[in-house]
Amino acid sequence: MIAHVLGARPNFVKAAPVIAALSDRRRRGGGPEHEQRVIHTGQHYDERMSEVFFRELGLPEPDVNLGVGSGSHAAQTAAIMIALEKEFIERSPELVIVYGDVNSTIAAALVAAKLHIPVAHVEAGLRSFDMTMPEEVNRRLVDQLSDLLFVTSPEAIGHLAAEGVDVGRVHFVGNPMIDTLLSHIDSFDTEAVRAAHGLPARYIVATLHRPANVDDPEVAAGLVKRLHEIADLADIVMPVHPRGRKVLTEAGLDDHPRVTLLEPLGYVDFIAAVRGAVAVVTDSGGVQEETTILGVPCLTVRPNTERPITITHGTNRLVTAEGLVAAVEQALVSVTGEREVPPLWDGMAGPRIARVVEERLDG
Ligand code: UD1
Ligand code: UDP
């Protein structure tokens, strides 16, 4: 049995095509499917941070939800570990598949490794080289514990080799987040989203949730000031991640007639909104990749990115808070030129991962 451990919003988007491909082995010309078990840690639990993705992305209902909820890093990671240890001992999975870089990912990898259960890491080898990011800590450790490492971007192989990972375990398979994007491309109805939220023809989508941007009220207030200056140029629609809701609201984010704050959007409405935007202001990892494919200018309010291919091949630019308004002004007047799609971001990452996993389990 294969156990998939999911917990946070980006995990759902990455896991959907992998689970679908593993469920579909016969249609891919293979043998009988391996049994799968979907374990939701409960790291994200609001309907709009979790359930909506299961509904929209055709994910199977979780077989179990560990219901750990929020907490400090140690409290949350420990709660996931304790619950997962029990689960893995009871169910003895042959392989545990983990996704991305969230606390659920490291908790699962650590528990599985100690129980001598092989771990497969989807989205291995990305590095921001910024150890102040909790995700960077998680990524490095998960990769050390993994038996199969699936990478989305060629430079990740070099990062893993430099950290002493046996490259024989590394498989460059493309990007499952882009599988999800491409398989839903006909569902994104920008006009409907625009009408639903009263958006004008030209608008900007903003998302912010990194601790470095939204935890400190002073930093958040500085960003709100810039967002208001941007809203003088073009309307902003911002589906607000629960992490930043309080601080950003208290900093007066809503106090501008051209800023529309929304609850987090479901995947289909969110991508529809992004697709129709003149630019995106974000600190999300996934959104840097999605805008690369959609060709929408992306201004990432971070000093670094673990996804440099979105800059070399995509529409992404790193910006400081101070440089944000000028960068938006520029994005509003520039035309996005011809771009090269990152290698293997072709919608087939799920089946590639499934084949490697099946070979491993069959053998
Ligand atoms: C987590 C990941 C981050 C990822 C993000 C995706 C870690 C360390 N961080 O950050 O890498 O980019 O998810 O969205 O794993 N909350 C709710 N409802 C929810 C979930 C969270 O209100 O359904 C609030 C709680 O106040 C919670 C806070 O958001 O304390 C932060 O949640 P948490 O899961 O700890 O981290 P994220 O900031 O969501
Ligand atoms: N997303 C969404 N609704 C929103 C904001 C984001 O569906 O309101 C999607 C987004 O398209 C991407 C994923 O959530 O597929 C990324 O999640 P997030 O930005 O929370 O995490 P990160 O990628 O930064 O870890």
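The structure this text deals with has already been given above.
Computed from a predicted model, the values in this text were never measured in an experiment.

Explain the sheet that holds strand β4 (residues 95-99) here, please?
Adjacent strands of a sheet pair through backbone hydrogen bonds, lying either parallel or antiparallel. If you trace the seven strands from one edge of the open sheet to the other, you get β3-β2-β1-β4-β5-β6-β7, paired in parallel fashion. Each edge of the sheet is formed by a strand with only one pairing partner; in this case those strands are β3 (64-65) and β7 (170-172). Of the pairings in the sheet, the one linking strand β1 (residues 2-6) to strand β2 (residues 36-40) comprises five bridges and is parallel in character. Along β2, the bridge assignment pairs Ala3 with Arg37. Here helix α16 (residues 349-362) sits on the sheet in contact with β1, β4, β5 (119-122), β6 (148-151) and β7, set at roughly 170 degrees to β6.

Any chance you could explain the site of ligand 1 here in plain terms?
Lining the immediate environment of ligand 1, one finds 17 residues, of which His44, Asn103, Glu135, His209 and Arg243 sit closest. Between His44 and ligand 1, the recorded distance is 2.8 Å, taken from a side-chain N or O atom to an oxygen atom. At 2.8 Å from an oxygen atom of ligand 1 is found a side-chain nitrogen or oxygen belonging to Arg243. When ligand 1 is considered free in solution it has 740 Å² of accessible area, and contact with the protein chains removes 84% of it. In terms of residue class, the shell around ligand 1 is built from five nonpolar, eight polar and four charged.

For this particular structure, what's the right way to read the nonpolar core?
Grouped together as the largest cluster of nonpolar side chains are 54 residues, with contacts concentrated most on Ile97, Tyr99, Phe150, Val205, Tyr267 and Val357. Top element by residues in this core is helix α1 (residues 9-22). It accounts for eight residues. Residues in contact with Tyr99, not counting those within four places in the same chain, are His4, Val5, Leu6, Asn11, Lys14, Ala15, Val18, Ile19, Thr105, His121 and Val122.

Rules used throughout
- Note that residues are indexed from 1 along each chain, following the sequence as it is written.
- Each chain is given a letter, starting from A, and each ligand a number, starting from 1, according to the order in which they appear as written.
- Only residues with pLDDT of at least 70 are given local features in this predicted model, and only at 80 or more are side-chain atom pairs given and counted; all residues enter the totals for whole chains, interfaces and linings.
- In computing side-chain properties, one takes all heavy atoms of the structure into account and sets aside hydrogens as well as water.
- In this scheme, strands are said to pair when DSSP sees at least two bridges between them.
- Here a strand is any run of E in DSSP of at least two residues, a helix any run of H or I of at least four, and the numbering for each starts at the N terminus.
- In what follows, a contact means two residues having at least one pair of non-hydrogen atoms within 4.5 Å.
- Helix axes are fitted only over the stretch in contact, all axes being lines through C-alpha atoms; the angle between N-to-C directions runs from 0 to 180 degrees.
- Residues are labelled near a given molecule or strand when at least one of their non-hydrogen atoms is within 4 Å of it.
- Within 3.5 Å is the distance limit for a polar contact, defined as a pair of N or O atoms, with the added protein rule that one can donate a hydrogen and the other accept it, and that residues adjacent in sequence qualify only through two side-chain atoms.
- Exposure was quantified through the Shrake-Rupley algorithm and a 1.4 Å probe, taking into account, for residues, occlusion by the shown protein chains and nothing else.
- Polarity classes work like this: nonpolar for Ala, Val, Leu, Ile, Met, Phe, Trp, Tyr, Cys and Pro, charged for Asp, Glu, Lys and Arg, and polar for all others, with Gly in that last group.
- Nine residue types can take part in a nonpolar core, namely buried Ala, Val, Leu, Ile, Met, Phe, Trp, Tyr and Cys, and a core is a set of them joined through side-chain atoms within 4.5 Å.
- Here the term buried applies to any residue with accessible area under 20% of the maximum for its type, exposed to any over 50%, and partly exposed to those in between, with areas from a 1.4 Å probe on protein chains only.

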